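Descriptive analysis of the structure
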Amino acid sequence: MTVKYVSGYLTAPAMSPSGWMRVKSMLFVRVETDDGFIGWGECYTLAHREQAMLYLLESLGAVLVGHDADDVAGFVSRVQLQIAEQRPGIDLYCVMSGLEMALWDIRGKRMGKPVYELLGGERRSHRLYLNCWSNLPISIDDMLHKIERARERRVDAFKLYPFVFTDDWREAAELLTELRSTIGDEVDIMIDCSRKLDESRSIEFCRAVESARLYWFEEPVSSRDAVSLSNIRRQITTPLVSGESVCGLVEFRTLLHLEAVDIINPDVACCGGIAELTQIAQLASEQAVEVSPHNYNSMLIGLAASVQVANALPGKLILEYFEDHVALGQAFGACDISLDNGSVLSGNTPGLGVHIEEHKLRELASRVIDV
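Quick summary incoming for the structure in this document.

**Examining the layout of surface pockets**
- Approximately 1,100 Å³ is the volume attributed to the largest pocket.
- Breaking the lining of the largest pocket down by element, the ones donating at least two residues are β3 (22-23) and α9 (248-257).
- Taken together, 17 residues make up the lining of the second largest pocket; nearest its centre are Glu-290, Val-291, Gly-315, Lys-316 and Leu-317.
- Those elements that place two or more of their residues in the lining of the second largest pocket are α10 (274-286) and β12 (290-291).
- For the lining of the second largest pocket, the element with the most residues is α10, which contributes three residues.

Put into structure tokens, the structure is as follows:
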């Protein structure tokens, strides 16, 4: 069973139906074998580098065509040796992740099993948190209204971005304290600082918002600065999170070795794919570090892959969800997952459990490549 074709579909940015945000471009990959199996994957897209990622997809697709579709590890090895010379950057990891994901989808379909069974997992429900980020001007009242509507659907965890409203960390701390008072104690609040602070201000800010009882404190500084993260973690009481743009087991090993985080949030469409995420989670578990899969992707293929891996990981997990991305996926496909009371549950469809109407995706895409 060899790979015969690889295709890529890049969508254009689009306003979400709610008007809450402008949804970024998404990059989906299709892999077809010579005996007719088709697998789908998704690559984490990087702003202003989408076209470059398409070129990378052509290169990696050429490496994949003609090889055994079941040899996932072999494909990853060839990419890292032949293309990256063992120095892969985030762009390459994102594209490799999408193709690796598609190979797992094919393997599951061929064996008649969902991917989580291939990973040794079992079907179970996972809690979701709603990401409330927006790249458009929003007010505090807008944010409160969004949370209120989600609470009606029994969503009880939210990621907020205080530096969307102000650049001043003191004002941001006051804002979070007021928000907690308004929202109440029945929900969990995560905050993402989007690498807006330095080491000393991170410590001051986190101490200033202790009364807000945060679920976690995410990326005050870059994940590349593991030393600063480690210093911050030792001086605060709120759990510290990083890892959404960290790629590969080796880079995560650095964060874990320096005891820089309480929780890691690798993204299956960025970190290297399904197998890599599983290995990263296993390493974190050995060091008593929690895992919360990041998912700034479509709520179709990327989420499906995250849930499949989550089914194979130990402990209780909370996964990321962007409600404003849903409409994009619904325009060309469906996924065998169910959402209820702020949780997600996968079905038992073989592979990733996604159904794609390719003609609709091809019409929707702003760029298409075929290898």
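Picking up after the structure, the text goes on.
**Here we look at helix α1 (residues 50-64)**
- Helix length check: α1, at 15 residues, gives a terminal C-alpha distance of 21 Å against a target of 21 Å (1.5 Å per residue), a fit within 8%.
- When α1 is considered as a whole, its buried residues turn out to be Glu-50, Met-53, Leu-54, Leu-57, Leu-60, Gly-61, Val-63 and Leu-64.
- Each element contacted by the buried residues of α1 is listed here: β1 (3-10), β4 (27-33), β5 (38-43), α2 (72-83), α3 (90-111) and β18 (367-370).

**Details of the sheet that holds β1**
- One open sheet accounts for four strands, arranged β5-β4-β1-β18; its pairing is antiparallel. Pairing within the sheet leaves two strands with one partner each, and these edge strands are β5 and β18. Within this sheet the neighbouring strands show an average axis-to-axis angle of 15°, counted without direction.
- Where α1 meets the sheet, its contacts fall on β1, β4, β5 and β18, and the angle it forms with β1 comes to roughly 175°.
- Relative to β5, α3 is tilted by about 150°, and along the sheet it contacts β1, β4 and β5.

Basis of the calculations
Residues numbered from 1 in each chain as written. Predicted model: local features only at pLDDT ≥ 70, side-chain atom pairs only at ≥ 80, totals over all residues. Heavy atoms only, no water. 1 Å grid on protein atoms, 1.4 Å probe; cavity = no way out; pocket = protein on both sides within 12 Å on 5 of 7 lines; lining within 4 Å. Points joined across faces, edges and corners; volume = space filled by probe spheres on them. Helix = DSSP H or I, 4+ residues; strand = E, 2+ residues; numbered from the N terminus. Expected span 1.5 Å × (residues − 1). Buried < 20%, exposed > 50% of the residue type's maximum accessible area, 1.4 Å probe, protein only. Contact = heavy atoms within 4.5 Å. Pairing = 2+ DSSP bridges. Axes fitted to C-alpha atoms, helices over the stretch in contact; angles between N-to-C directions.

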